[in-house]
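Results of the structural survey
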Amino acid sequence: MNLNNAVALVTGASSGLGQEISVQLIEAGAQVFGVARSTDRLQALHDTYADAFIPCPADVRDQDAIDGVFETIREEAGRLDILVNNAGLGRFGPVDEMPVEDWDVQHDTNLRGLYLCTRAAIPMMRAQNEDSGFGGHVVNIASIAGLIGNPNITAYNASKFGVRGFSQALMKEVRGAGIRVSCLYPGSIETEFFERAGVGMTDNPLRAEDVASTAMHVLRAPENHLISEVVVRPLRPRNDM
C-alpha cells in the first residue's frame, strides 16, 4: 500500500505502540485519526503534527463514542484506508482471586473495542473496494499471550486468544472484498503496559518503535500480498541468557 495520503485510524494512540505507529504513519504521509481516553496526550500529538493527527478522545468500549469517531472520519476524510486496533490492557493474578471487574475490563477493551471499531470500518472499506478494487487494511495487535497460555494471566490470555480467532475469521470473511486483515503477536514491549498491570517486565523487552516498524512493513506490502500473521519476540528476553 502507498501510505502517502492514506487515512488511518489508530486506537490506543496516545502512548506506547499506538503512538509509535501513529507517528510512523504520519512520517510516511498518512493522516491519522487517533483514539484514546487521554485527551491531553492526544492534543499534544495534534500540537506537534497539526492536521496530520486528528485527536478523537473516546473509550473503545463505548459504542456511541466509536460511532461518533467514525462519523468524524466520514465527514473530515470521506474514507478509511487503515484501521489499527491497538488499544489493550492487562490485569494479572490467580483466576480465583481476580475481581470480576478486572475480567470484564480486559475483554471489553481488548476484544469488544476491537470488534466495535472493525464493525464500523468494514462497510467503508467494502464501498472503497467497489469504487477502486481495493478496500483497505485492518491490523489487529494481539500478543504472544494470544498464542500461549500462562498462569496468572487467564483473562488476558482469553481476550488475546479471542483477538486471534476474530482475526483469522475476519480475514477469510473480507478478503474477497479487497480488505486485508493482519494480526501481530508481539512479545513484551517497553511501554507503560506492565506498570499499569502492576507486574514486572522482562529484562530485555522489544522497543515500541521497532514493533511499529514491523506493522509498517505489513502495511506497505504489495496490494495482492496478504501477511495474515506476524510473531515478534525479544531475541534474548533475559539478561542471563
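So, a few notes on the structure that sits alongside this text. (Residues numbered from 1 in each chain as written. Predicted model: local features only at pLDDT ≥ 70, side-chain atom pairs only at ≥ 80, totals over all residues. Heavy atoms only, no water.)

Some thoughts on the environment of A6
Stated precisely, the cut-off is as follows: For the purposes of this entry, the term helix denotes a DSSP run of H or I that reaches at least four residues, the term strand denotes a run of E that reaches at least two, and both are numbered from the N terminus. Burial classification: accessible surface area is computed with a 1.4 Å probe over protein chains only, and a residue below 20% of its type maximum counts as buried, one above 50% as exposed, and the rest as partly exposed. It only takes one pair of heavy atoms within 4.5 Å for two residues to be counted as in contact.
The topology assignment puts A6 in the segment before β1 (7-11). Since its relative accessible area comes to 4%, A6 is described here as buried. Sequence separation between A6 and D81 is 75 residues, and the spatial gap between their C-alpha atoms is 6.0 Å. Among residues more than four places away in sequence, those in contact with A6 are G29, A30, Q31, R79, D81 and I82.

Observations regarding helix α7 (residues 208-219)
Where we set the bar: Each residue after the first adds 1.5 Å to the expected span of a helix. For this quantity, the arc is that covered by the directions from the helix axis to the C-beta atoms.
Taking 1.5 Å as the rise per residue, α7 with 12 residues should run 16 Å; its terminal C-alpha atoms sit 17 Å apart, in good agreement. Looking only at α7, the buried set comprises A208, V211, A212, A215, M216, V218 and L219. Seen along its axis, α7 keeps its buried residues to an arc of 155°; they face one direction. As for α7, its buried residues are in contact with α1 (16-27), β4 (82-85), β5 (136-141), β6 (179-186) and β7 (229-232).

A word on the packing of aromatic side chains
Here is the rule: We call Phe, Tyr and Trp rings a pair once their centres come within 6.5 Å, taking the six-membered ring for Trp, and we label the pair stacked below 30 degrees between planes, edge-to-face above 60, and tilted otherwise.
All chains considered together, the criterion is met by 1 aromatic pair. On the basis of an interplanar angle of 65° and a centroid distance of 5.7 Å, the ring pair of F92 and Y156 is categorised as edge-to-face. Within this pair, whereas F92 is found in the loop between β4 and α4 (100-132), its partner Y156 is found in helix α5 (residues 154-174), the two being separated by 64 residues in sequence. A residue is classified by how much of its surface remains accessible, and Y156, at 9% relative accessible area, is buried.

So, the nonpolar core
In globular proteins that are soluble, nonpolar side chains generally tend to be buried together. Let me state the cut-off plainly: Buried Ala, Val, Leu, Ile, Met, Phe, Trp, Tyr and Cys residues form a nonpolar core when they are joined through side-chain atoms within 4.5 Å.
L3, I21, L25 and I82 are the most contacted members of the largest nonpolar core, which totals 36 residues. Only β1, α1, β2 (31-36), α2 (39-49), β4, β5, α7 and β7 provide two or more residues apiece to this core. Here this core takes 7 residues from α7, the largest share from any one element. When neighbours within four sequence positions are excluded, I82 is seen to be in contact with M1, L3, A6, V7, A8, L9, L25, M125, H137 and L219.

Thoughts on the sheet that holds strand β3 (residues 53-57)
Here is the rule: We treat two strands as partners when DSSP finds at least two bridges between them. Comment: axis = line fitted to C-alpha atoms, over the contacting stretch for helices; angle = value between 0 and 180 degrees taken between N-to-C directions.
In space, the 7 strands of this open sheet follow the order β3-β2-β1-β4-β5-β6-β7, with parallel pairing throughout. For this open sheet the edge positions go to β3 and β7, each flanked by a neighbour on one side alone. The sheet shows a mean angle of 15° between the axes of neighbouring strands, taken without regard to direction. Packed onto the sheet, α1 meets β1, β2, β3, β4 and β5 and runs at close to 170° relative to β1. Along the sheet face, α2 touches β2 and β3 and points at about 170° away from the line of β3.

Considerations on the environment of V105
Relative to the assigned elements, V105 resides in helix α4. A sequence separation of 15 residues divides V105 from G90, and the C-alpha atoms of the two residues are 8.8 Å apart. Those residues within four positions of V105 in sequence are excluded, and the remaining contacts are R61, L89 and R91.

So, the pattern of salt bridges
Here is the rule: Between Lys or Arg on one side and Asp or Glu on the other, a salt bridge is scored when a side-chain nitrogen of the former is within 4 Å of a carboxyl oxygen of the latter.
In the structure shown here, the tally under the stated rule is 5 salt bridges. Between E71 and R74 there is a salt bridge whose closest N-O contact spans 3.2 Å. Here the residue E71 and the residue R74 both occupy positions in helix α3 (residues 63-76), the gap between them amounting to 3 residues, near one helical turn. Looking at R74, the relative accessible area reads 39%, which means it is partly exposed.

As for the packing of α4 against α5
Put simply, the test is: For classification purposes, an angle smaller than 35 degrees is called roughly parallel, one larger than 145 roughly antiparallel, one from 65 to 115 roughly perpendicular, and anything else oblique. What makes a crossing left-handed is the near helix being turned counterclockwise from the far one by less than a right angle; a clockwise turn instead makes it right-handed. Polar here means any residue other than Ala, Val, Leu, Ile, Met, Phe, Trp, Tyr, Cys and Pro, which are nonpolar, and Asp, Glu, Lys and Arg, which are charged; Gly is therefore polar.
Taken N-terminus to C-terminus, the directions of α4 and α5 make an angle of 15°; their axes are 8 Å apart at the nearest point. By the angle between their directions, the pair α4 and α5 is classed as roughly parallel. In this structure, α4 crosses over α5, and the sense of that crossing is right-handed. Here α4 contributes W103, Q106, H107, N110, L111, L114, Y115, T118, I122 and R126 to the contact with α5, which in turn contributes T154, A155, Y156, A158, S159, K160, G162, V163, F166, L170, E173 and V174. Partitioned by chemical class, the residues of the contact of α4 with α5 number 12 nonpolar, 7 polar and 3 charged.

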